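Descriptive structure summary
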Amino acid sequence: MKSAWEEVQPNQIYRVFKKIPLTQAGNEGLIYLYQPIIGAQALALYFGFLGDAYDHHENEFVHLDMLDALNIGLPDFLKARKQLEGMGLLRVFVKEDPEFGRMFLYQLEEPVHPQEFFKDSTYSFLLTNFVGERKFRQLEERFRPKQVDTSAYREITHHFREIYGKLNEDHFSQKSSELDRVAQAYQIEPATLVFDQNDLDWDFLQALAKKKFIAIENFTNDFKRQLSLYHDLYGYDELTLVNLMSDVVQLADGKVEPKKLSRWIEQKNHRPESTKSEFATDQNQVKRFNTLRQNGFSEADIQVIQMSEENAPYAFLEALKKEKHSFVTNSESWLLKSLVEKSPLPNSVINVLLHYVLVVQNNTTLQAKFVDKIATDWSEKEIKSPEAAITHVRGLVKEAKTTKNNRTWERSASQKHAVRKEVLPDWVDKPQVDIEDKEKEAAINQRLQEYLKRKEGGN
């Protein structure tokens, strides 16, 4: 896993640049709209960089001074910097200087104007996701353009020509080239969210959408950008996104209203609105994992449970294959997509299934017949959590070992009288590796966790 020290060091020099001074609207947008999303440290870093950009005595700074000013360590600095980058508030450039080594240029971007922020469904969705519906309505009301009732008045505003007369068209034409050059210099690109749309297989997604009678015309650049947000934020794969769209599609014309889709997804992923609720959720997770430890789950087991809940199935499979120095084949990709779409198993349980097949049983690939048998068995037994899946597998493997050890006795006893024999699924009866090889499994789990964190940091 790449450490913060490998990306930036405290003694390295940086410069800060901003094309225009921060506007009052931009300042309010940062505080009230961006801060709930990026967090307090990232907001403080933006204003710290802004102070450096406005410094008329120095134009080069060392990172150590910024760390001291914000009272944070290097990992927290890098995390805050990347949060600014992801929201389009900061662009980062680097060069290798023969005298000073690696040097950075940080270009601060003007925040989106509050009115433009709320006009963009992606920004609105992000904000709703972090602050909840009640606070979102308060903020939307705060920045909503004010209207005044003029129905009782008669407008008597004078026009430009009445006051200033007619423009000299010949003189204006002579100056047009210079005026165009000046206008070009004032073209400022607004801050934009940074998404990698290549993470999604758009051909596959649109082919699925067509089968669900979702019009291809929906997939504009803005709509793709919105879907990429849901993919990054929730780990939704192509199948899940299409299923969500099919819930809100207009059957008459196949159109999907972006705001309607946004509201639907927000409802399905409703977050607690108060810090107290979030803290309680964290506390519940701690209590849950402590209970698992008391019930005999190892740290490796809990690590698998956490990873299975924090990652989408395809990302989890990709990480498993990466740590086995392999890759996801086309047949595996289609198998997983079919499994996610058709089986009632939660994604976390599907991830445990993948881990069992590729790590515990040390298979090199996912075989459709083998995987389908396990998925069917778990579905019939209504396994709904990763810990239940692990418990089930451990019990079956233990039972398979006991059955194997008692076969000689059973054959002898059967000659005297009939012996009832429990039939185990054939995917358990002959495990390829010993499930109790804790050290090997823990080592793979550790590398897997490091890879997933490294991948998350790169997004």
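Just so you know, these numbers come straight off a predicted model, no measurement behind them.

Thoughts on a nonpolar patch on the surface
Taken together, Phe160, Ile163, Tyr164 and Leu167 make up a surface patch of nonpolar side chains, about 500 Å² in accessible area. A relative accessible area of 56% places leucine 167 in the exposed class.

Some points on unusual backbone geometry
Non-glycine residue histidine 325 carries a positive phi angle of around 60 degrees. With respect to the element layout, histidine 325 can be found in the loop between α16 (313-323) and α17 (330-342). For histidine 325, a relative accessible area of 77% translates into the label exposed. A positive phi angle is found at asparagine 362, which is not glycine, with a value near 60 degrees. Within the element layout of this structure, asparagine 362 appears in the loop between α18 (347-360) and α19 (368-380). Residue classification places asparagine 362 among the partly exposed residues on the basis of a relative accessible area of 34%.

Quick word on the nonpolar core
Phe49, Phe77, Leu227, Met245, Leu261 and Trp378 are the most contacted members of the largest nonpolar core, which totals 104 residues. What leucine 227 contacts, discounting residues up to four positions off in sequence, is Leu200, Trp202, Leu205, Phe219, Leu241, Met245 and Leu261.

Things to note about the packing of helix α2 (residues 24-38) against helix α3 (residues 40-53)
Direction vectors running N to C along α2 and α3 enclose 145 degrees, while the axes themselves pass 8 Å from each other. Contacts from Asn27, Leu30, Gln35 and Ile38 in α2 reach Ala40, Ala42, Leu43, Tyr46 and Phe47 in α3.

Focus: the confidence of the model for the chain
Averaged over every residue, the pLDDT of the chain is 81; residues scoring 70 or more account for 81%. For the stretch residues 271-281, pLDDT sits under 50, and the model shows 10 contacts to residues farther than four places along the chain or on other chains. Per-residue pLDDT stays below 50 along residues 429-436; that stretch engages in 18 contacts with residues further than four places along the chain or on separate chains.

Side note on the pattern of salt bridges
For the structure on display, the rule yields 13 salt bridges. For the salt bridge of glutamate 85 with arginine 81, the shortest nitrogen-to-oxygen distance reads 2.8 Å. Of this pair, glutamate 85 and arginine 81 both sit in helix α5 (residues 74-86), 4 residues apart, which is roughly one turn of the helix. On the basis of relative accessible area, arginine 81 is assigned to the buried category, the value being 6%. A salt bridge links arginine 394 to aspartate 301; the shortest N-O distance between them is 3.3 Å. Here arginine 394, found in helix α20 (residues 386-405), pairs with aspartate 301, found in helix α15 (residues 299-310); they are 93 residues apart in sequence, far enough to count as distant. Residue classification places arginine 394 among the buried positions, given a relative accessible area of 19%. Bridged by salt links that share partners, the residues Glu140, Glu141 and Arg144 form one connected network.

Procedures and definitions
- Residues numbered from 1 in each chain as written.
- Predicted model: local features only at pLDDT ≥ 70, side-chain atom pairs only at ≥ 80, totals over all residues.
- Heavy atoms only, no water.
- Patch = residues over 30% accessible without salt bridge, like charges linked within 9 Å, V, L, I, M, F, W, Y side chains within 5 Å.
- Areas by Shrake-Rupley, 256 points an atom, 1.4 Å probe, with all protein chains shown as cover.
- Salt bridge = Lys/Arg side-chain N within 4 Å of Asp/Glu carboxyl O.
- Buried < 20%, exposed > 50% of the residue type's maximum accessible area, 1.4 Å probe, protein only.
- Helix = DSSP H or I, 4+ residues; strand = E, 2+ residues; numbered from the N terminus.
- Core = buried A, V, L, I, M, F, W, Y, C linked by side-chain atoms within 4.5 Å.
- Contact = heavy atoms within 4.5 Å.
- Axes fitted to C-alpha atoms, helices over the stretch in contact; angles between N-to-C directions.
- pLDDT = per-residue confidence, 0-100.

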